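Chain and residue survey
Listed below, chain by chain, are the residues.
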Amino acid sequence: VCGAPTAMATVKLTCAMVHATTVLLHGFARADVARGPVFTHVWCQGWVREDDGATCAVRDGSGDVRVERRARASSALREGAYVVVRGALASDGDGRRVVREADVVPVEDASVARARADAWIVEVQELWEDVFAVGLGCD
C-alpha cells in the first residue's frame, strides 16, 4: 500500500475528463480511488461556445463543459473567445458535471490563445502521465 491520498488544490482536466465518472468521487477529482492525489478544484480552458454572463459553455476539442461563474460578468464573452477556467468540480441536479464558483479569464491576444489551445490537450496528458508515474509509484 502506498499510503493516504495526497491533497492538492487544483488539477488540469480536459472538458471530456471533467465528465469522466472515474475522475469524480465524493466531490473530489482523484487520480486513483485508493491512493492517488485528491483535487478539490479543476483548471480547464477552451473556446466559449455560449455565455450569458453567469454561465458559459467551454469547448476544448475533447468535449464541452458548463461553467458557472463565481460572480456574474458585466458583459458576456463573445462566442469563440478563448478562456482559462478554475473552479470547483461538482454535479448539477441531473448528474452532469459542472465547474462551479469559477473564475473565467479571457485570453485577449489571439496568437497566445491559439498557442494555448494547440498545447492544451498535450499539456494535460503530460501532467496526468506524471501524476500516475510519480503520485502512484510504490516501492
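Residues numbered from 1 in each chain as written. Predicted model: local features only at pLDDT ≥ 70, side-chain atom pairs only at ≥ 80, totals over all residues. Heavy atoms only, no water.

Remarks on the overall build of the protein
In plain terms, the rule: Only DSSP runs of H or I with at least four residues qualify as helices, and only runs of E with at least two residues qualify as strands; both kinds are numbered from the N terminus onward. Residue exposure (1.4 Å probe, protein chains only): buried if accessible area is under 20% of the type maximum, exposed if over 50%, otherwise partly exposed. Note on contacts: a residue pair is in contact if any heavy atoms of the two residues lie within 4.5 Å. For accessible areas, the Shrake-Rupley method is used with a probe of radius 1.4 Å. Any residue's cover is judged against the shown protein chains and nothing else.
Scanning the protein for helices and strands turns up 2 helices and 8 strands. N-terminal to C-terminal, the α/β element order of the protein is β-α-β-β-β-β-β-β-β-α. The buried share among the 139 residues of the protein stands at 36%. When contacts within the protein are restricted to residue pairs at least 6 apart in sequence, long-range pairs at least 24 apart make up 64% of them. Accessible area for the protein stands at about 7600 Å²; split by element, carbon and sulfur atoms hold 53% of it.

Quick word on the pattern of salt bridges
The condition that has to hold: Just to be clear on terms, a salt bridge is a Lys or Arg side-chain nitrogen sitting within 4 Å of an Asp or Glu carboxyl oxygen.
If you walk through the whole model with that rule in mind, you get 11 salt bridges. Between R49 and D64 there is a salt bridge, and its shortest N-O distance comes to 2.4 Å. Of this pair, R49 sits in strand 4 (residues 38-51) while D64 sits in strand 6 (residues 64-69), and the two are 15 residues apart along the sequence. What makes R49 partly exposed here is its relative accessible area of 31%. Judged by its relative accessible area of 23%, D64 falls in the partly exposed class. Note that R114 is salt-bridged to D118, the shortest N-O span being 3.0 Å. Of this pair, R114 and D118 both sit in helix 2 (residues 110-135), separated by 4 residues, roughly a single helical turn.

Section: the packing of aromatic side chains
The criterion, for reference: Each Phe, Tyr or Trp ring, with Trp reduced to its six-membered ring, pairs with another whose centre is within 6.5 Å; inter-plane angles below 30 degrees give stacked pairs, above 60 give edge-to-face pairs, and intermediate values give tilted ones.
Counted according to the given criterion, the structure contains 2 aromatic pairs. An angle of 70 degrees between the planes, with centres 4.5 Å apart, marks the rings of W47 and Y82 as edge-to-face. Here Y82 lies in strand 7 (residues 82-91) and W47 lies in strand 4, a separation of 35 residues in the sequence. The buried category is assigned to Y82, whose relative accessible area is 3%.

Observations regarding the confidence of the model for the protein
To be explicit about the condition: Residue-level confidence of the predictor, termed pLDDT, takes values from 0 up to 100.
The pLDDT averaged across the protein works out to 78; a share of 73% of its residues lies at or above 70. The lowest-confidence element of the protein is strand 2 (residues 24-25), averaging 42 in pLDDT; the highest-confidence one is strand 5 (residues 55-59), averaging 94. Contacts of residues 21-28 to residues separated by more than four positions or lying in other chains number 16 contacts, the stretch itself having pLDDT below 50.

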